[in-house]
Amino acid sequence: MKIITNWLLATATILLVSPLAKADEGMWMVQFLKQQNLAKMQAMGMQMSAEDIYNPGQGSLVDAVVQFGGGCTGEIVSGQGLVITNHHCGFGEIQNHSSVDHNYLRDGFYAPTLQTELPNPGLTVTIVEEIIDATEYLNSYIATKGITDPLQYMRRAFLLQVAQEWYKEHRGELSSSVDLDMAPFYEGNRYYLFVKKIYSDVRLVAAPPSCIGKFGADTDNWAWPRHSGDFSIFRIYTAPDGSPAEYAAENIPLKPKYYLKINSTGVQEGDFVMMMGFPGTTNHFYTPSEVVERRNIDNQIRIDLRKVRQETMWEEMMKDEAVNIQYADKYQGSTNAYKNAIGTNWATDKMDFVGNKQAMVDKLRAYAEKQGKPEYAEAIDKIESIVRERATLRALSKIYDEGLYRAVETVRAPILTEREFESATNEPRKFLDRLDGYFNKDYNVAVDKKVTKAMLHAVIEYIQKILGDNLPPVDLTVPTMAMNLLGDEVLDKAFDNSLYQNREKLQQVLNSGVYSDYSSDPLIAFAIATRNDIATISNALSQYDRDFAIARQTMLRGILEMEGEMNLWPDANLTLRYTYGKVKGYSPRDNVFYGHQTTMEGIMEKWDDSSPEFYLLPKVVEIYNAQDFGALTLYNGKMPVNFISTTHSTGGNSGSPLVNSRGELIGINFDRNWEGVGGDIQYLPDYQRSIILDVRYLLLVLDKYLGAERLLDELDIVK
């Protein structure tokens, strides 16, 4: 018993004195690599210098890592601007080019020439050119202006103005090819300016069929072992002078500063690996009450309400291939966050996140008392108090968001205020075009009607559950309207007679100039009421924002002082980061162990042509049966598909390159295991794994399935 007691005391002491970052944890900033992790990474086997990874203006690993669209990562892999990202990152573009006659989702796509590569209006690729510490400049700027409100000076729009001022003072006039993004870190205790170039001519080059790119689909999402060829390939084009440009026939492929070579020899257990990308959001400085709020309110409401929507959509998708094409992207987008919420709640309880965050704030309290800085302890108290006070409002906000605004398509459709209606009567075509863009080929009124009915029932029940016998803290209109819509055939008639479904009737209403004729449409009235209720709830919640932001900023200032900045990493915020670790299996539960590598053997074991998630096209089976894998196989002759690593990743890292010790591409990140999604709050060394597409499987698909000899010749493949 004495031994156990001594061990517990020792463990508690370690928790109180050691820095927050653990082995393999962290989404680190590249400009501090030399000070923070270089020696450790080299001791683990990395053969690169800091300058090989980040060397502004000289061509380095950073120059090959791109932000793909608004929320994914990609990597440049050729001297002609070829970019690899995930199939699910390019899914929307593949879907947009698909039809029943040319179903690229089902059959895959390959452009045999530059001329047949497909443009994608609205899609961008962003390359970070330089990262600048702008903290002193920002603090001086707001002091000169007398600005003290963090809600003002932490806004990206305000920071863009500051960034532009900095650039003019230090670099001269801003050219059209340069984009600036200044972002707050550590809750506004640090500010960094990212100088970027954004390319808007990005063309689809190749994609595997969904039975490869989405093999396992929702069932395997967030799961290991995995067997997915989750990739798609695009190309960046520029103006003839090499500058970013909108699509034009005369544009040419990008000549990048740097691109990744592809290593086809594979990985072994224990190999050093590094990942770079644009992770979206983490919250590893949560207080205990914030963890509870995330688990009991945010995640649980998401889980409960998305399940209703997804089950309704899935039933309709399985009845009709055309509906399946229409709603595949919407369904996938919903299930992704749904399963994440389930996994995060599991990890929160399993690994006692509340207790661990309690240790973090207790350590800061002790530091504050020792240093005579009570403001740090007071900041913790303020955060905990605000979280308690806003609980009901936050729950209502999440119910409206998950149950109505994200779930019901007519609620999110373009609508007109009374002032906008007056303008639309003069230019009706502009509004009608907006509606046509929203209610496009991927909209199905019958599906929307069924989803709407299911969601109205679920939302009413959830609001009653949250409020109990209490009145809502603000006046709400939607609950009564929802109950009325659920009366006998009321919702069916509302859809059948809606202006949304009758352009001729809508044109007449716009011509009449009578706003009530428009706003009295039951679906439009419900959409207006929903948005008004959301605004009411949001306004009530906003009363806490300023005090909350100040308290969070103060608490993080204390943590930075206590731990030392070079021992910490800032929460992810869609800015460029790196993470490193090893190729390694894991044990999810007692007496179960998962190895680091999967093969095509597993694809054949899961193969089920009666399942939309595990079917295989005949050509895939032929490729496996032929066993003509060449030098891409493992030592035992099996064809590798996926592997896992201990790298710390999150949303936004989809498509991130995983490189070996020499900086050569060995895989493309596309998911995390379900047991590790709680790593957004706290890294889980025993459980958390990034799921990687083995680049050897990508090469096999390019060769044997797509016949993409042109691309294979373009890639720089090394052994």
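These lines cover the structure that appears in this document, whether it is placed above or below. (Residues numbered from 1 in each chain as written. Predicted model: local features only at pLDDT ≥ 70, side-chain atom pairs only at ≥ 80, totals over all residues. Heavy atoms only, no water.)

**Regarding the overall build of the chain**
Scanning the chain from terminus to terminus reveals 30 helices and 22 strands. Here the C-alpha atoms of the chain give a radius of gyration of 27 Å, agreeing with the 27 Å that 2.2 N^0.38 yields for 719 residues. In terms of overall dimensions, the chain has a C-alpha envelope of 70 × 70 × 65 Å along the principal axes. Split into buried and exposed, the 719 residues of the chain put 57% on the buried side. Contacts in the chain between residues at least 24 apart in sequence constitute 79% of all its contacts with a sequence separation of at least 6. Element-wise, carbon and sulfur atoms account for 49% of the exposed surface of the chain, whose accessible area totals about 29,900 Å². Charge separation in the chain, taken as the distance between the mean sites of 72 positive and 96 negative side-chain charges, equals 3 Å. (Helix = DSSP H or I, 4+ residues; strand = E, 2+ residues; numbered from the N terminus. Rg over C-alpha atoms; globule rule 2.2 N^0.38 Å. Buried < 20%, exposed > 50% of the residue type's maximum accessible area, 1.4 Å probe, protein only. Contact = heavy atoms within 4.5 Å. Areas by Shrake-Rupley, 256 points an atom, 1.4 Å probe, with all protein chains shown as cover. Lys, Arg positive; Asp, Glu negative; His and termini not counted. Charge placed at Lys NZ, Arg CZ, Asp CG, Glu CD.)

**Some points on the environment of Glu316**
For Glu316, the location among the structural elements is in helix α12 (residues 288-317). In the structure, Glu316 is positioned 282 residues away from Lys34 in sequence and 54 Å away in space, judged by C-alpha atoms. With near-sequence residues (within four places) excluded, Glu316 lies in contact with Val323, Val447 and Lys450.

**Observations concerning the pairing of strand β13 (residues 272-277)**
Across the six residues of β13, six count as buried, placing the element largely inside the fold. With burial as the criterion, each face of β13 is covered, one bearing Phe272, Met274 and Met276 and the other bearing Val273, Met275 and Gly277. Strand direction decides the pairing type here: β13 and strand β14 (residues 577-582), joined by six bridges, are antiparallel. Residue Val273 lies in a different strand from β14, and its bridge partner there is Gly581. Both β13 and strand β19 (residues 657-659) contribute to a ladder of two bridges, which runs antiparallel. Bridge pairing in β19 places Met275 opposite Leu658. (Pairing = 2+ DSSP bridges.)

**Some details on the pattern of salt bridges**
For side chains of opposite charge, pairing can occur when their charged atoms come near one another. Per the stated rule, a full pass over the model turns up 44 salt bridges. Between Asp671 and Arg226 there is a salt bridge whose closest N-O contact spans 2.6 Å. One end of the pair, Asp671, is in strand β20 (residues 665-672); the other, Arg226, is in the loop between α11 (217-220) and β10 (232-238), with 445 residues separating them in the sequence. For the pair Asp671 and Arg226, a shared accessibility class is recorded, and that class is buried. Here Asp694 makes a salt bridge to Arg696, at a shortest N to O gap of 2.8 Å. Both residues of the pair, Asp694 and Arg696, count as buried. By sharing partners, the salt bridges in this structure join Glu117, Arg235, Arg710 and Glu714 into a single network. (Salt bridge = Lys/Arg side-chain N within 4 Å of Asp/Glu carboxyl O.)

**Some points on unusual backbone geometry**
At the junction of Trp224 and Pro225, the peptide bond is cis and its omega measures out at 5 degrees in the coordinates. By the element assignment, Pro225 lies in the loop between α11 and β10. Even without being a glycine, Glu187 presents a positive backbone phi close to 55 degrees. Among the structural elements, Glu187 can be located in the loop between β7 (179-185) and β8 (190-199). A residue is classified by how much of its surface remains accessible, and Glu187, at 27% relative accessible area, is partly exposed. At Asn591, a residue that is not glycine, the phi angle is positive and equals roughly 65 degrees.

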